[in-house]
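Structural features, examined
Chain by chain, the residues run as shown.
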Amino acid sequence: FNTTTSMGRLTLNILLSFAQFEREVTAESIQDKMAAARKKGKYVGGIPPLGYDVDRQNKRLVVNVEEAVLVRYVFRRFLQTEGAVDLVRELNQKGHLTKSWVTQKGTERPGKPWHKNYLYRMLRNPVYMGKVQYKDEVYDGEQEPIIDQALWDQVQEAIAVPAKVRS
């Protein structure tokens, strides 16, 4: 194209507009597909939560028995401690680390020391009840639950109350 002429610039802008339109249509299609998969309770990728491993062949989360013991401990212990900071300190002193995993490309991601934000994100994650969250909605997931509804409800009530009031 000769972009020094007005006709050349017009043609180039039309082609660029169609390219942008195609990118946006593709992005919307991918978002719709992921939303539909989440609503069906499917795992759609990302860092697997502590207590689960990824069955890449079947594209689903499976319970990691050793990590599930730690997850149950964390949920129960949160109800007994003075607050998240005390529990994080306890977990780090005992040498527990966050989730370590291997990416699809084979890169190892080691676990890290616990942090209050990681703990709260974990305690609020409905995946541990066998559910998945998409935006503000929670759907039944394909994975097995690690904790039961009663323990989940107790922890959510405890999170809602500030630690200073709880103690």
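Residues numbered from 1 in each chain as written. Predicted model: local features only at pLDDT ≥ 70, side-chain atom pairs only at ≥ 80, totals over all residues. Heavy atoms only, no water.

1. Digging into the overall build of the protein chain
- Scanning the protein chain for helices and strands turns up six helices and six strands.
- Expected size for 167 residues packed as a compact globule is a radius of gyration near 15 Å; at 23 Å, the protein chain overshoots this value by more than 25%.
- Along the first, second and third principal axes, the C-alpha atoms of the protein chain reach 75 × 35 × 30 Å.
- Residue burial in the protein chain is summarised as follows: out of 167 residues, 30% are buried.
- For the protein chain, contacts bridging at least 24 residues in sequence account for 51% of all contacts bridging at least 6.
- Total accessible area on the protein chain stands at roughly 11300 Å², and carbon and sulfur atoms take up 52% of it.
- Between the mean site of the 26 positive side-chain charges and the mean site of the 20 negative ones, the protein chain shows a separation of 5 Å. (Helix = DSSP H or I, 4+ residues; strand = E, 2+ residues; numbered from the N terminus. Rg over C-alpha atoms; globule rule 2.2 N^0.38 Å. Buried < 20%, exposed > 50% of the residue type's maximum accessible area, 1.4 Å probe, protein only. Contact = heavy atoms within 4.5 Å. Areas by Shrake-Rupley, 256 points an atom, 1.4 Å probe, with all protein chains shown as cover. Lys, Arg positive; Asp, Glu negative; His and termini not counted. Charge placed at Lys NZ, Arg CZ, Asp CG, Glu CD.)

2. So, the packing of helix 2 (residues 65-80) against helix 4 (residues 116-123)
- Packing of helix 2 against helix 4 leaves a shortest axis separation of 11 Å and a crossing angle of 100 degrees. By the angle class used here, helix 2 and helix 4 are roughly perpendicular. Of the residues in helix 4, those touching helix 2 at Val-71, Val-74, Phe-75 and Phe-78 are Leu-119, Tyr-120, Met-122 and Leu-123.
- Its residues placed into classes, the contact of helix 2 with helix 4 shows eight nonpolar, no polar and no charged. (Axes fitted to C-alpha atoms, helices over the stretch in contact; angles between N-to-C directions. Parallel < 35°, antiparallel > 145°, perpendicular 65-115°, else oblique. Nonpolar A, V, L, I, M, F, W, Y, C, P; charged D, E, K, R; others polar.)

3. Side note on a nonpolar patch on the surface
- Side chains of Met-7, Leu-10, Ile-14, Phe-18, Phe-21 and Val-25 sit close together on the surface and give an oily, nonpolar patch of about 610 Å² of accessible area.
- Among the secondary structure elements, Phe-18 is positioned in helix 1 (residues 6-39).
- Overall, the relative accessible area of 57% leaves Phe-18 in the exposed class. (Patch = residues over 30% accessible without salt bridge, like charges linked within 9 Å, V, L, I, M, F, W, Y side chains within 5 Å. Salt bridge = Lys/Arg side-chain N within 4 Å of Asp/Glu carboxyl O.)

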